[in-house]
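Residue-level listing of the chains:
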Amino acid sequence: MEKIKLTIDGVPIRAKQGEKVLFAALDAGIYIPNLCAISGVRPHAGCRLCFVEIEGRPQPVTACTEEVAEGAIVHTDGPRIRRLQRTALELLLASHPIECKTCPANKHCELQNIASFLKVNLNTKRFRKKLRDLPVDDSHPDIILDPNMCVVCSKCIWACVEQRGIGALNYAFRGDRTIISAFGGDRLVDTRCDGCGLCAEVCPVGAISKNVKKST
Amino acid sequence: MKESAVKSPQETFERIQERALAEWDALSNSPKPRITIGTATCGRAAGALEVLKTFKEELAEKRVDAIITEVGCMGHCYAEPLVVITKPGLPPICYGYVTPGIAARLISDYILGNDPCPEFALGALEENELIPTIFDQPRFQYEKRILLARCGDIDPEDINQYIANGGYAALLKALGMAPQDIIEDITRSGLRGRGGAGFPTGDKWQICRDAPGTARYVICNADEGDPGAFMDRAILESDPHSVIEGMIIAGYAVGAAKGYIYVRIEYPLAVARVDTALRQSAELGLLGDDIMGHGFGFEIEVMRGSGAFVCGEETALIASLEGRRGWPWHRPPFPATEGLKNQPTLINNVKTLASVPPIIDRGAEWFANIGTPASKGTAVFALAGKVLNTGLIEIPMGTTLRKLIFEVGGGIPNGRKFKAVQIGGPSGGCLPESLLDLPIDFDSLTEAGAMMGSGGMVILDEDNCMVDTARYFLDFTRKESCGKCTFCRLGTAQMLDILEDITRGEGNPGDIALLEELAADIKGGALCGLGKTAPNPILTTLRYFHEEYEAHIAEKRCPAKVCPELTAFYILPVKCERSCDACVGSCPVEAIFSGKKGIKVIDQEKCVKCGSCVDACPPQYSAVIRISPVSELPPSEPRPPDKNGKD
Ligand SMILES: Cc1cc2nc3c(=O)[nH]c(=O)nc-3n(C[C@H](O)[C@H](O)[C@H](O)COP(=O)(O)O)c2cc1C
Ligand code: SF4
Ligand code: SF4
Ligand code: FES
């Protein structure tokens, strides 16, 4: 197939037709913050972290939704991009418990990575802390679901529903109360979950993790 | 009942039309008196069904032979229930605020007697020597009814009344045209989408027609989730065939065979009337296979939406139609190229579709001559709030806000002063007095920071607090945010917290700057239109009423004396009529006591700021006032330690 030629941060890049700018950049070793994108899947476009500027476009656009275009000139840095990214990250951090030491995702958490990339303090005080106090679902022998940590990236739903065809996980509520929960009830053990752990693998934070204590 | 397919569409339609006209003539020239009553949701809310019942009972009891017709919304919602009485040989007279008592009087005095009861009449509907016509009122000078032309005139449950008044003639004409020519007519008419954003309708139809696909769909967006907006409901309840006819023409133009009307579940009467209308048009062969023997087939299904505001957003609406979570998706792809079942899908608002038959019927040039260079045709608003004539109005685009509010709407009641007009609901903004000469069109409103939206318009006067108004709309968007994207899910909640603090007098000097930053980022960063426009009520109030924010934060003062934490109630001793104790009884928490010489005093510790005492104090005294900031409250005498004194 014909390759599309574009430039990202001055680097000439060749990408497959239909490829999204985000993955073209990541494949070329250029990092763009992202939480919700999955290669080849219709973009969820919910985290709003992957902003880039494309010359000729009046406003920053999300790289996970933007198809590569011949001759496009893309910038992944700049004041407008960083401002949107930092605000989005700070909003997420304001609603996220910063308990890294005890979190199963510590050191491989995307929020930690993005915060360090964007030079944002995990304990940023720009917005008020708005935490939820929902019960942790540890009913299942293999999987622990802590909805308080969830950043609503939808990757686990894709894993469980689209990839595995099991449908043990579902969204619940809406607005700022939106969370992931066990399908049809409140206990993962009562669903069709077979403990494969794909959801825990894709979860960018510590909201879904493998139940280390019980399974070892 | 279907007409035979061997006839041409023209002949088929003429037969249908002849019958409809004959029925309408019989009705109009009937020797019996005719009572027409508006029983749309607005009329029902005011008691139209009880009035209807009284008319029926009284007519039966008095053995009067009269015709009763139920019609839709006549637009004068402020004066509901509305009734029109037509006696043979006399002009039709419109009565407002009709109660069962007035209904009985109208029967005894006018239907049976000769007294037209002018004291209950809003006016006659034709020139005459008895009673001034309703058209003498200034609002009719500015109103132009295209979409509402038949609303309140015809029985929405009788297709023949629609046909007798010009209905389905545009469909016949359209079926005689090439689809491409129809699209060109729509483009030349300058019609722009009435769903809020004002996208050129002809362009959308063209994109949909040209997009490759195995099937095409037409969706009528009747989700209408803005609080206070009810234009689409009124049209579906009052003239459903106008929307159906527009959909069939749209289907023919873009090459679709199937349409959906997506109506919110809270609109049961609209759903019922649309169902009836669909059945009747199918019975006459105006809908279904082989319409009027032309060969073109189109069917329409009604889908009920869950009532979430976000489901009015087109990609969320389609997701919801497909049984998926009602979440918006990134565009492109736009529905016109990839929509329902991934096929090209034309999605238009109720009013956009209802504009189509008159354009086809009377020509693109006729429509293009109404309105402004960039916004053609008319705009329909649901006028509400502090304005005399609330209700549905239709004006040519380009009419100024001032004319709309003061001439058509009749101005602000109770001698109060106009403060702002909120246009476009939770996505729109609040415009001040200084912008009243702004013409109402898509681009002027957007430039001023508001939005045409889908037509809610609330008038605010000096007793409305602008910070509290912004808080009200933000509370709505926060609850209605679908939760998919970070900016809207978490950002609106943060902005609401800040606004709540400010209205409680707990605002900080940095709050305005933080609100401004956050609002700009949400506008630029959110995924869908809900989030992108959610900051508008804040941004416009900050822009035009900045001093009100400052007063709340710096002086703990609410200029409109609305925010309870910043306002105290006080009884002016010089005005209090000592022997009256109307306020004492009105207070739900016994905060008012009789002080020295019988002058009433409010115990500020106990007062819950409900305002009952303000309403209870007789107008000739008006002794209870509001004071803000609370620190300006004059010292009051302490409560005597008697029976009521202890807590
Ligand atoms: C949050 C949100 C709510 C909306 N609600 C409605 C609605 O209730 N009715 C409507 O016609 N369009 C609504 N829209 C606009 C639709 O997405 C779409 O643009 C419109 O139906 C297109 O029709 P038009 O071209 O005739 O305007 C909404 C958009 C957003 C972002
Ligand atoms: S649980 Fe994890 S993977 Fe699932 S939506 Fe939340 S953050 Fe994403
Ligand atoms: S802007 Fe709001 S309503 Fe729209 S996708 Fe984001 S969270 Fe959902
Ligand atoms: S990765 Fe693009 S919005 Fe989340």
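The rules we used
- Residues numbered from 1 in each chain as written.
- Chains lettered and ligands numbered in written order.
- Predicted model: local features only at pLDDT ≥ 70, side-chain atom pairs only at ≥ 80, totals over all residues.
- Heavy atoms only, no water.
- Helix = DSSP H or I, 4+ residues; strand = E, 2+ residues; numbered from the N terminus.
- Rg over C-alpha atoms; globule rule 2.2 N^0.38 Å.
- Buried < 20%, exposed > 50% of the residue type's maximum accessible area, 1.4 Å probe, protein only.
- Contact = heavy atoms within 4.5 Å.
- Areas by Shrake-Rupley, 256 points an atom, 1.4 Å probe, with all protein chains shown as cover.
- Salt bridge = Lys/Arg side-chain N within 4 Å of Asp/Glu carboxyl O.
- Polar contact = N/O pair within 3.5 Å; in protein donor to acceptor, adjacent residues only side chain to side chain.
- Near = heavy atom within 4 Å.
- Nonpolar A, V, L, I, M, F, W, Y, C, P; charged D, E, K, R; others polar.
- Expected span 1.5 Å × (residues − 1).
- Pairing = 2+ DSSP bridges.
- Axes fitted to C-alpha atoms, helices over the stretch in contact; angles between N-to-C directions.
- Domains from an automatic or database assignment.
- Buried area = accessible area lost by both parts, 1.4 Å probe.
- Core = buried A, V, L, I, M, F, W, Y, C linked by side-chain atoms within 4.5 Å.

Peer 1: Go over the overall build of chain B, please, and point to the residues and values.
Peer 2: The secondary structure content of chain B amounts to 25 helices and 18 strands. At 28 Å, chain B has a C-alpha radius of gyration in line with the 26 Å of a compact globule built from 647 residues. Projected onto the principal axes, the alpha-carbon positions of chain B cover approximately 95 × 65 × 40 Å. Of all 647 residues assigned to chain B, the portion counted as buried reaches 60%. For chain B, the share of sequence-separated contacts (at least 6 apart) that also reach a separation of at least 24 residues comes to 71%. Approximately 24,700 Å² of chain B is accessible, and the part contributed by carbon and sulfur atoms is 52%.

Peer 1: Could you give an account of the interface of chain A and chain B, naming the residues involved and the relevant values?
Peer 2: Contacts between chain A and chain B engage 30 residues on the former and 33 residues on the latter. Linking chain A with chain B are six salt bridges. One salt bridge connects K130 of chain A with D497 of chain B, and the closest N-O pair in it is separated by 2.6 Å. Linking chain A with chain B are 17 residue pairs in polar contact (both at pLDDT 80 or more), by the criterion used here.

Peer 1: Mind laying out the site of ligand 3, listing which residues take part and the relevant values?
Peer 2: In the vicinity of ligand 3 there are 13 residues, among which C482, C485, C488, C528 and G531 of chain B approach most closely. Here the residues of the shell around ligand 3 sort into nine nonpolar, three polar and one charged.

Peer 1: I'd love a proper account of helix 18 (residues 466-480) of chain B, names of residues and values included.
Peer 2: Residue and element names in this part refer to chain B. Here helix 18 is 15 residues long and its end C-alpha atoms lie 21 Å apart, about the 21 Å a rise of 1.5 Å per residue gives. Within helix 18, 11 of the 15 residues are buried, which leaves the element mostly enclosed by the surrounding structure. Along helix 18, the positions that sit buried rather than exposed are M466, V467, T469, A470, R471, F473, L474, D475, F476, T477 and E480.

Peer 1: Which residues make up the pairing of strand 12 (residues 418-423) of chain B, and what values go with them?
Peer 2: Residue and element names in this part refer to chain B. Most of strand 12 sits inside the fold, with six of its six residues counted as buried. Direction of pairing for strand 12 relative to strand 14 (residues 456-461): antiparallel, over a ladder of five bridges. Across the sheet, residue I423 finds its bridge partner in strand 14, namely M457. Pairing between strand 12 and strand 13 (residues 429-432): four bridges, direction antiparallel. The residue bridging A420 from the neighbouring strand is P432, located in strand 13. In sequence, strand 12 turns back onto strand 13 through a hairpin of five residues, with G424 there showing a positive phi of about 90°.

Peer 1: Which residues make up the sheet that holds strand 6 (residues 217-222) of chain B, and what are the values?
Peer 2: Residue and element names in this part refer to chain B. Strand order in the open sheet formed by four strands is 8-7-6-9, and the pairing between neighbours is parallel. The sheet is open, and its two borders are formed by strand 8 (299-305) and strand 9 (345-349), each paired with just one other strand. Strand-to-strand, the axes of this sheet are offset by a mean angle of 20°, without reference to chain direction. Sheet topology places strand 6 next to strand 7 (residues 258-264); six bridges connect them, and they run parallel. By the bridge assignment, Y217 is partnered in strand 7 with K258. Taken strand by strand, helix 11 (residues 240-254) contacts strand 6, strand 7, strand 8 and strand 9, and its axis lies near 150° from that of strand 6. Running at roughly 95° to strand 9, helix 14 (residues 350-362) makes contact with strand 6 and strand 9 of the sheet.

Peer 1: Help me get a handle on the domain arrangement of chain A, residues and values and all.
Peer 2: All names here are of chain A. The assigned domain composition of chain A is domain 1 (1-131) and domain 2 (134-216). Computed over C-alpha atoms, the centres of domain 1 and domain 2 are 24 Å apart. Carbon and sulfur atoms make up 70% of the surface buried where domain 1 meets domain 2, a total of about 1,200 Å² over both sides. Ranking the residues of domain 1 by area buried against domain 2 places L35, I38 and H44 at the top, with a combined share of 34%. For the pair domain 1 and domain 2, the interface holds zero salt bridges. Linking domain 1 to domain 2 there are five residue pairs in polar contact (both at pLDDT 80 or more). Its residues assigned to classes, the side of domain 1 that touches domain 2 shows 12 nonpolar, four polar and three charged.

Peer 1: Could you give an account of the sheet that holds strand 4 (residues 93-95) of chain B, naming the residues involved and the relevant values?
Peer 2: Residues and elements named next belong to chain B. An order of 2-1-3-4-5 is seen for the five strands of this open sheet, with the pairing classed as mixed. Sheet topology places strand 2 (67-71) and strand 5 (121-124) at the edges, where each strand pairs with a single neighbour. Between one strand axis and the next, the sheet turns through 20° on average, direction left out of account. The strands that helix 3 (residues 48-61) touches are strand 1 (34-38), strand 2 and strand 3 (83-86); relative to strand 1, the one it contacts most, it runs at about 160°.

Peer 1: If you had to explain the nonpolar core to someone new, which residues and values would you point to?
Peer 2: One finds L89, L111, L169 and I208 of chain A together with L515, I538 and Y549 of chain B to be the most contacted residues of the largest nonpolar core, which totals 116 residues. Leaving out residues up to four positions away in the same chain, Y549 of chain B has contacts with V467, A470, L499, I502, I512, L515, I538, T541 and L542 of chain B.

Peer 1: How would you explain the environment of Q161 of chain B if you had to name every residue and give the values?
Peer 2: Residues and elements named next belong to chain B. Looking at the secondary structure, you find Q161 in helix 6 (residues 159-164). Taking relative accessible area as the criterion, Q161 reaches 7% and is therefore assigned buried. Between the alpha carbons of Q161 and Y549 there is a distance of 54 Å; along the sequence they are 388 residues apart. Residues contacting Q161, with those up to four places away along its chain left out, are W24, L27, T69, I154 and D155.

Peer 1: Mind laying out the pairing of strand 10 (residues 378-385) of chain B, listing which residues take part and the relevant values?
Peer 2: All names here are of chain B. Burial runs high along strand 10: six of the eight residues are buried. As paired strands, strand 10 and strand 11 (residues 391-396) are joined by six bridges and run antiparallel to one another. When the bridges of strand 11 are listed, F381 appears paired with I393. If you look at the hairpin formed by strand 10 and strand 11, you'll find five residues sitting between the two strands.

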